[in-house]
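# Coordinate inspection notes
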Amino acid sequence: MSGVIAGWFRSEHSFEADRYEWVERLPGLCGALRAAGGPGVARLLAAGAWRWMGDQLRLWTTTVRAEIREPRLEMLSSPLIRLLEAADDELRDEMVAALRGYGDNVLGCLMPALRSAAALPAAARRAAGLDVVARDCGERLGVIIARPLRDEDDWAIGWAGCGCGLCDTLGAFLGSRTRRVFEWPLATDGRRHVHTRIDSAGLPVRHQTRRQGRPYTLVLTKTGELFTREKDTRHKAMTDLAWLTSAWGDGSPGTS
């Protein structure tokens, strides 16, 4: 049985369209298996689903571009609740501990999950470990809000490239607090590499090619989005924390 269940969750099946719907039904299935004397099978199913969930969280929390990352993480929020409900106490504790180990991008999954779970009875929220998740989210949001705002004259962008000479030069420009514009004579392949690195990382840098002379000149310009992104992140954290405090209080369901 364990081999069959493991096969269902192999990596080649990770993006099957019905996986989300299947996990939504997992609490009822695991409950029926336990009632029928099959707690071991129920745990194998829940553990397999958690491995799938963990793979998805690792993938999407490390995706740089927010417009791709955020919708994917929000899609995982409801299956995460169902999985916490389906797990036994040991697996649930393991899951909650693992969630604390992800970077702050995991809030893109956890906050929608908590908003959805706010409609659950207090006992069900507590039993699913969501009070602990809520406390962790509150701590994360508090840290984000407490970060000092960027100085108005600080144009430095933290970034790491592939280690090639082009990326080293790009990184030096990005890391400068004062340089906003960099005019860089580059051949076609070099410009393509720099374009790709900037776009794939979602950097707040405009890149244009001035087609004069040989080689053409790549003109890089840091944009004001560098500042608005941080302000938007802070504002969202404040809004989320206000809601969380109102709906969950200190993390205990039903308190405020």
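That block above? That's the structure.
Note that the structure is predicted; figures quoted are calculated from it, not measured.

### Things to note about the sheet that holds strand E1 (residues 181-185)
Here three strands make up an open sheet; going across it, the order is E1-E3-E2 and the pairing antiparallel. With one partner strand each, in any of the chains shown, E1 and strand E2 (205-210) form the two edges of the open sheet. Strand-to-strand twist in this sheet, taken as the mean axis angle between neighbours without regard to direction, amounts to 20°. Across the sheet, helix H11 (residues 188-201) lies against E1, E2 and strand E3 (217-222), angled at about 160° from E2, the strand it touches most.

### Observations concerning the packing of helix H10 (residues 165-175) against H11
Here H10 crosses H11 at 55°, and the two axes come no closer than 10 Å. One finds that H10 runs oblique with respect to H11. Regarding H10 and H11, the two cross each other, and that crossing is right-handed. Residues Leu166, Cys167 and Leu170 of H10 pack against Gly190, His193, Val194, Arg197 and Ile198 of H11. When its residues are assigned to classes, the contact of H10 with H11 shows five nonpolar, two polar and one charged.

### As for the pattern of salt bridges
Tallying each qualifying case throughout the model produces 21 salt bridges. For arginine 82, the salt bridge is made with glutamate 24, and the minimal N-O distance between the two is 3.6 Å. One end of the pair, arginine 82, is in helix H5 (residues 66-86); the other, glutamate 24, is in helix H2 (residues 19-24), and 58 residues separate them in sequence. One salt bridge in this structure joins aspartate 189 and arginine 192, with 2.9 Å as the shortest N-O distance. Placement of the pair is aspartate 189 and arginine 192 together in helix H11, with a separation of three residues, close to one helical turn. On the basis of relative accessible area, aspartate 189 is assigned to the exposed category, the value being 57%. A relative accessible area of 47% means that arginine 192 is categorised as partly exposed. Put simply, Arg150, Asp151, Asp153, Asp154, Arg177 and Glu230 are held in one network by salt bridges that share partners.

### Digging into the packing of aromatic side chains
How two aromatic rings sit relative to each other is given by the distance of their centres and the angle of their planes. Under the definition given, this model contains three aromatic pairs. Taking 4.8 Å as the distance between ring centres and 85° as the angle between the ring planes, the aromatic pair formed by tryptophan 155 and phenylalanine 227 counts as edge-to-face. Of this pair, tryptophan 155 sits in the loop between helix H9 (130-146) and H10 while phenylalanine 227 sits in helix H12 (residues 225-248), placing them 72 residues apart in sequence. Across the pair, phenylalanine 227 and tryptophan 155 agree in class, each one buried. The interplanar angle of 40° and the centroid separation of 5.5 Å between the aromatic rings of phenylalanine 173 and phenylalanine 182 together place this pair among those described as tilted. For phenylalanine 173, a relative accessible area of 0% puts it in the buried group.

Rules used throughout
Residues numbered from 1 in each chain as written. Predicted model: local features only at pLDDT ≥ 70, side-chain atom pairs only at ≥ 80, totals over all residues. Heavy atoms only, no water. Pairing = 2+ DSSP bridges. Helix = DSSP H or I, 4+ residues; strand = E, 2+ residues; numbered from the N terminus. Axes fitted to C-alpha atoms, helices over the stretch in contact; angles between N-to-C directions. Contact = heavy atoms within 4.5 Å. Parallel < 35°, antiparallel > 145°, perpendicular 65-115°, else oblique. Left-handed = near helix turned anticlockwise from the far one by under 90°. Nonpolar A, V, L, I, M, F, W, Y, C, P; charged D, E, K, R; others polar. Salt bridge = Lys/Arg side-chain N within 4 Å of Asp/Glu carboxyl O. Buried < 20%, exposed > 50% of the residue type's maximum accessible area, 1.4 Å probe, protein only. Phe/Tyr/Trp six-rings, centres within 6.5 Å; stacked < 30°, edge-to-face > 60°.

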